[in-house]
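Overview (structure and organization)
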Amino acid sequence: MIEATLRLPRGAFTLDVAIALPARGVSALFGPSGCGKTTLLRCLAGLERAPGGRVVVDGEAWQDDAAGVFVPPHRRAVGVVFQEASLFEHLGVRANVEFGWKRLAPSERRVSIDDAIACTGIAPLLQRSTAGLSGGERQRVAIARALAVSPRVLLMDEPLAALDAARKNEILPAIERLNTLSGITIIYVSHAISEVARIADHVVLMDAGRTIAAGPVAELLSRLDLPLPPGEDAGVVLQGEVGAIDAEWQLARLDVPGAAFWTRDPALPVGHRIRLRVLARDVSLSLVAQPDSSIVNQVQATVEAMADDAHASQVLVRLRAGGSALLARVTRRSAHALALAPGQRVWAMVKSVALLD
Amino acid sequence: MDWAADLQAVALTLKLAFVVTALLLALGTPLAWWLAHTRSRWKAPLAAFIALPLVLPPTVLGFYLLMLMGPHGWVGEATRALGIGLLPFSFGGLVIASMLYSMPFVVQPIQTAFEAVGARPLEAAATLRAGPWQRFAFVALPLARRGVVTAAVLGFAHTVGEFGVVLMIGGNIPGATRVISTQLYSHVEALEYPAAHRLAAVLLVFSFAVLLWVYRLNPRGAQLAATAPDAAAHP
């Protein structure tokens, strides 16, 4: 468990948070630019000190000003990946990766250099100097370097923000592999909902220096009462596994609690854990099942709540299908015509789902 | 022709320049570090004080040092009380005067280099288990190495080329305080023009070679150090 109570005036806003994050998996600090996410991360790393603050990681106080405790950054079991890779330009790639690792006592080296290199796929770069690396390569070296200090908590400050889409797709798998390494908690700062949907297990939503909401990613992203990005990005995250393969038609059935979706066969074995993103714009509603439709993914669900969407002509509808929540976007006129209301049984017609990992 | 006296002056000049450069690097590096990172209100006054020799006539500096270190100055009284004797007209006095005179040429390139390194590499190092001394020794100093080399070369060359301060504080005592520039002055006063030519040419070639090297190494650093008093601009 990572607990932090911090208050720090910062010009335009005051960081004022009291958070508790699970000690496993990926927690995302999510919110618009300038909402205090980076300042919070810097306080966790010890690079900034909020007077009177408190940071406790797995019961160990990193900062407890009431008791006069402040552990300096170089004594915290923390790894940081900054927005820019911030590699040491006077050292080669291998020396960069080994910089923190060689400062650890051998007993502290839970992540080996080889693991850090393999996980980030930088083996071909080891003999290079840092000067000729691409942006994506630099960031992967930075991740390997932070990982090699065997951090209890790995802090990532928008590590993909400065990269283009192709480079992002180079890095995200590395971060997902990190997640599977035992014992490392990742705290990931982002203002991109697509990154959060893809890698986060737990989300803290921030705005203007405060936390607005926190919870598991599937639950949080399906809430209608939060200032989540509306419009094209509204949607839910569902977690489940590959349930069946239809080899004849190259299709796979992805099972999530309370629903199942047929999609293109992703060449994953049955039972493989998967994460899906279903955008509200890809879900339409019907009062009866449509057996003659080309849409095969039809899920029976109950309307839980409705809220205004970004455009006045549309509403977002929150649905409950067993253990899963869905969002649907329909026009206000359709909602009126179907007389949608909380508690009503409907069929969600899902046109497409995106497999995230 | 007095070759021996010339060689003695060259040897003394080199000795002075080496001692002054070594002491200035030892003293100027922490000072430059402090200036590059402090937000103290003493930063501007101290930076201006260090830069004074860039604008003051060397005779002014030499005059005040003579007063301070002389028998009636408080430094002079202190050195006498400590049993060191008086510093003016000694090699020790020359070292102290030269350090003050060459200080901006050492401090400013290092300060500029530290400022160009910025906070981020040091923060990254801090999150990689490096304590303050390790961050300084293994990150800041290697990243600022061009600035340090520039500082050493400029400090050395500037000490070799000084005249006014040397004359004020050192006099012109053969073997103790007579350096190349004052030896040259003696030659001219004695109308020994061929000897003067010889020394002048040595200094000219040496100075050009040093500057050529510095500009090749780090054109910006050299320009900054050789121009405005507070030339510590950001990159």
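Residues numbered from 1 in each chain as written. Chains lettered and ligands numbered in written order. Predicted model: local features only at pLDDT ≥ 70, side-chain atom pairs only at ≥ 80, totals over all residues.

Counting its regular elements, chain A contains eight helices and 21 strands. Taking 2.2 N^0.38 as the reference for a compact globule, 357 residues should give roughly 21 Å; the C-alpha atoms of chain A span a radius of gyration of 22 Å, in line with that estimate. In terms of overall dimensions, chain A has a C-alpha envelope of 65 × 50 × 35 Å along the principal axes. Expressed as a percentage of contacts within chain A between residues at least 6 apart in sequence, the contacts between residues at least 24 apart total 65%. (Helix = DSSP H or I, 4+ residues; strand = E, 2+ residues; numbered from the N terminus. Rg over C-alpha atoms; globule rule 2.2 N^0.38 Å. Contact = placed C-beta atoms within 7 Å.)

Within chain B, the regular secondary structure consists of 12 helices and zero strands. Order of helices (α) and strands (β) in chain B, N terminus to C terminus: α-α-α-α-α-α-α-α-α-α-α-α. A compact globule built from 235 residues should have a C-alpha radius of gyration of about 18 Å, and chain B, at 19 Å, falls within 12% of that. Dimensions of chain B, computed from C-alpha atoms along their principal axes, come out at roughly 65 × 45 × 30 Å. Classification of the 235 residues of chain B by burial places 39% in the buried group. In chain B, once contacts between residues fewer than 6 apart in sequence are set aside, the share between residues at least 24 apart is 73%. (Buried ≥ 20, exposed ≤ 12 C-beta atoms within 10 Å, placed from the backbone.)

On the chain A side, the residues contacting the 13 residues of chain B number 18 residues. Those elements that provide at least two residues to the side of chain B that touches chain A are α6 (120–126) and α7 (132–143) of chain B. Residue contributions to the side of chain B that touches chain A peak at five residues, all from α6(B). Its residues placed into classes, the side of chain B that touches chain A shows eight nonpolar, two polar and three charged. (Nonpolar A, V, L, I, M, F, W, Y, C, P; charged D, E, K, R; others polar.)

All names here are of chain A. When its domains are assigned, chain A resolves into domain 1 (2–221) and domain 2 (235–355). Computed over C-alpha atoms only, the centres of domain 1 and domain 2 are separated by 33 Å. Contacts between the two partners involve four residues from domain 1, matched on the other side by six residues from domain 2. Of all the elements, helix α7 (residues 217–221) adds the most residues to the side of domain 1 that touches domain 2, at three residues. (Domains from an automatic or database assignment.)

Turning to the pairing of strand β3 (residues 26–30) of chain A, a few remarks are in order. Residue and element names in this part refer to chain A. The buried fraction of β3 is high, at five of five residues. Covered by surrounding structure in β3 are V26, A28 and F30 together with S27 and L29, the residues of both alternating faces. As paired elements, β3 and strand β9 (residues 185–190) share five bridges and run parallel to each other. When the sheet's bridge partners are listed, V26 is paired in β9 with I186. (Pairing = 2+ DSSP bridges.)

As a further point, take the sheet that holds strand β6 (residues 69–70) of chain A. Residues and elements named next belong to chain A. Strand order in the open sheet made by the five strands is β2-β1-β4-β5-β6, with antiparallel pairing throughout. In this open sheet, the two edge strands, each paired with only one partner strand, are β2 (13–21) and β6. Sheet strands in contact with helix α1 (residues 37–45) are β1 (2–10), β2 and β4 (54–57), and its direction is about 120° off that of β1. (Axes fitted to C-alpha atoms, helices over the stretch in contact; angles between N-to-C directions.)

Relative to the helices and strands, S134(A) resides in the loop between α3 (113–120) and α4 (135–147). Here S134(A) falls in the exposed class, since 12 other C-beta atoms lie within 10 Å of it.

Moving on, we get to the sheet that holds strand β19 (residues 324–331) of chain A. Residues and elements named next belong to chain A. Strand order across the open sheet formed by five strands is β16-β20-β17-β18-β19, with antiparallel pairing between neighbours. Edge strands, defined here as strands with exactly one partner in the open sheet, are β16 (283–286) and β19. Across this sheet, the average inter-strand angle for adjacent strands is 45°, counted without regard to direction. Here strand β18 (residues 314–321) runs beside β19; their pairing, made up of eight bridges, is antiparallel. Bridge pairing in β19 links A321 to S324.

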